[in-house]
Amino acid sequence: MLSFIIVLLLVGLIAGFLARAIVPGPDPMGIVGTIVLGIVGSFIGGFLGYVLFHKDASQGALQPSGIFGSVIGAIIALLIYRAISGRSRRIGV
């Protein structure tokens, strides 16, 4: 169980970091925010992978395609985060 949590945090950090590197622009979040972004991206990527390709975790929890899906999901989550946080800044100004 502990190894699963460590792997989840590492994949989240990598996916969140890559998403922030691929999508240009400032993001005021620290390392914890990057990890959360990557973990949320993993869930989004896993869901999209299941819907599109009908694959699930029974075929292996850690696969290169899963990491790629996590990065794609993290990019989607980052764009949604920016859209939501951009609206709240415009409303408050």
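Everything numeric in this text was worked out from a predicted model, so none of it was measured.

1. Re the overall build of the protein chain
Part 1 of the reasoning: When helices and strands are counted, the protein chain shows three helices and zero strands.
Part 2 of the reasoning: Taken from the N to the C terminus, the helices and strands of the protein chain come in the order α-α-α.
Part 3 of the reasoning: Per-residue burial over the protein chain gives 28% buried out of 93 residues.
Part 4 of the reasoning: Taking all contacts inside the protein chain whose residues are at least 6 apart in sequence as the whole, residues at least 24 apart take part in 71%.
Part 5 of the reasoning: Split by element, the accessible area of the protein chain, about 6500 Å² in all, is 77% carbon and sulfur.

2. With respect to a nonpolar patch on the surface
Part 1 of the reasoning: Side chains of Phe-47, Leu-48, Tyr-50, Val-51, Leu-52, Phe-53, Phe-68, Ile-72, Ile-76, Ile-80 and Ile-84 sit close together on the surface and give an oily, nonpolar patch of about 1100 Å² of accessible area.
Part 2 of the reasoning: Secondary-structure elements contributing two or more residues to the nonpolar patch are helix 2 (31-53) and helix 3 (64-92).
Part 3 of the reasoning: The leading source of residues in the nonpolar patch is helix 2, at six residues.
Part 4 of the reasoning: Its place among the elements puts Phe-68 in helix 3.

3. A short note on the confidence of the model for the protein chain
Part 1 of the reasoning: Of the residues in the protein chain, 80% have a pLDDT of 70 or more, and the chain-wide mean is 78.
Part 2 of the reasoning: Between the elements of the protein chain, mean pLDDT differs from a low of 77, seen in helix 3, to a high of 83, seen in helix 1 (residues 2-22).

4. A short note on the environment of Gly-41
Part 1 of the reasoning: On the secondary structure map, Gly-41 appears in helix 2.
Part 2 of the reasoning: Sequence-wise, Gly-41 and Ala-19 are 22 residues apart; in three dimensions their C-alpha atoms are separated by 9.1 Å.
Part 3 of the reasoning: Setting aside anything within four residues of it in sequence, one finds Gly-41 in contact with Gly-69, Ser-70, Gly-73 and Ala-74.

Calculation criteria
Residues numbered from 1 in each chain as written. Predicted model: local features only at pLDDT ≥ 70, side-chain atom pairs only at ≥ 80, totals over all residues. Heavy atoms only, no water. Helix = DSSP H or I, 4+ residues; strand = E, 2+ residues; numbered from the N terminus. Buried < 20%, exposed > 50% of the residue type's maximum accessible area, 1.4 Å probe, protein only. Contact = heavy atoms within 4.5 Å. Areas by Shrake-Rupley, 256 points an atom, 1.4 Å probe, with all protein chains shown as cover. Patch = residues over 30% accessible without salt bridge, like charges linked within 9 Å, V, L, I, M, F, W, Y side chains within 5 Å. Salt bridge = Lys/Arg side-chain N within 4 Å of Asp/Glu carboxyl O. pLDDT = per-residue confidence, 0-100.

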